[in-house]
Every structure is written in C-alpha cells, then in structure tokens.
Amino acid sequence: MKKVMLMAIAILFSAATVFAAHTNAAVADTTKKVKPAKVQYTCPMHPEVLSDKPGKCPKCGMTLVKKEPAKKKTDSAKMKM
Ligand SMILES: [Zn+2]
C-alpha cells in the first residue's frame, strides 16, 4: 500500500508543478492583454452595425447595445483545466 501512496504523492506533486507553471503563464498572458478595453456597440437586430460609442442604429433607430467580446468563456475554460 505504501507504494501506492508514494505514487499518489508523486503524481500530485507533479500535477501541482504543472498547474503552477500554467497559472504563471496565464497571469503573464493576462498582463500582456491589458489594452484599453475596446467596447463596441451593436444593434440587437443588425449585428453588422458596429459603433465604438453608444447611439442608435442607422437602419432601424434602435438603441445600440454593448457588444461583449466572446473571449471570456475561453478564459474560464482554461482556468478549469
Ligand atoms: Zn438595427
């Protein structure tokens, strides 16, 4: 049984090392990405309408809504490993 315990500890230790390295890389990556967040506004009815400030859609006059960059999902998936 002791062998199994040693194996488990070894696996845990190497996993922790890999995780730490991965986390450091992720942190460095996040730091690199700190650019002024580019918020874009789009029309709910016309996704092709893009504006860098709030306003109204030139096609239908609807108030433009913030377009969230769809990159956050990838980041949370990375965190879960
Ligand atoms: Zn529109």
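The sections below set out a description of the structure shown in this document. (Residues numbered from 1 in each chain as written. Predicted model: local features only at pLDDT ≥ 70, side-chain atom pairs only at ≥ 80, totals over all residues. Heavy atoms only, no water.)

1. Points about the overall build of the protein
Going by this rule: The secondary structure listing takes helices from DSSP runs of H or I that are at least 4 residues long and strands from runs of E that are at least 2 residues long, numbered from the N terminus. Exposure classes here rest on a 1.4 Å probe applied to the protein chains alone. A residue is buried below 20% of its type maximum, exposed above 50%, and partly exposed in between. Contact definition: two residues touch when any of their heavy atoms are within 4.5 Å. Here, Shrake-Rupley sampling with a 1.4 Å probe gives the accessible areas, and only protein chains in the shown set may cover a residue.
When its secondary structure is counted, the protein shows two helices and three strands. Looking at the protein residue by residue over its 81 residues, the buried ones come to 10%. Taking as baseline every contact in the protein between residues at least 6 positions apart, the subset at least 24 positions apart corresponds to 24%. Surface accessibility of the protein: about 7,400 Å² in total, with carbon and sulfur atoms responsible for 69%.

2. As for the coordination of the zinc ion
So the rule is basically this: For Na, K and Ca the donor cut-off is 3.2 Å, while for other metals it is 2.8 Å, and in both cases only N, O and S atoms qualify; water is not among them, so sites may look incomplete. Think of it this way: with four donors and all angles in the 85 to 135 degree range, the site is tetrahedral; with four or six donors, opposite ones beyond 155 degrees and the rest between 65 and 115, it is square planar or octahedral; otherwise it is irregular.
Taken together, Cys43 (SG), His46 (ND1), Cys57 (SG) and Cys60 (SG) make up the protein donors of the zinc ion, found 1.9 to 2.4 Å from the metal. Metal-centred angles of 103 to 119° between the four donor atoms at the zinc ion mark the site as tetrahedral. Of note, the zinc ion draws all its donor residues from one chain, in the sequence arrangement C-x2-H-x10-C-x2-C. Here the residue His46 occupies a position in the loop between strand S1 (40-42) and strand S2 (50-51), and Cys60 occupies one in the loop between S2 and strand S3 (65-67), the gap between them amounting to 14 residues. The class of His46 is buried, set by a relative accessible area of 18%.

3. A look at the pattern of salt bridges
Short version of the rule: Salt bridges are defined by distance alone: a side-chain nitrogen of Lys or Arg within 4 Å of a carboxyl oxygen of Asp or Glu.
Across all of its chains, the model carries one salt bridge by this definition. Note that Glu48 and Lys59 form a salt bridge whose closest N and O atoms lie 2.8 Å from each other. Note that Glu48 is positioned in the loop between S1 and S2 and Lys59 in the loop between S2 and S3, a separation of 11 residues in sequence. Lys59 gets classed as exposed once you look at its relative accessible area, which sits at 54%.

4. Notes on the side chain of Thr42
Heads up, the condition is: The definition of a polar contact used here is a pair of N or O atoms within 3.5 Å, where within protein one atom must be able to donate a hydrogen and the other to accept one, and adjacent residues in sequence count solely through side-chain atom pairs.
Looking at the element boundaries, Thr42 is found in strand S1. A relative accessible area of 10% means that Thr42 is categorised as buried. Within the local environment of Thr42, its side chain forms a polar contact with the backbone oxygen of Val49, the two atoms lying 2.8 Å apart. Not counting chain neighbours up to four residues away, the residues in contact with Thr42 comprise Pro47, Val49, Leu50, Leu64, Val65 and Lys67.

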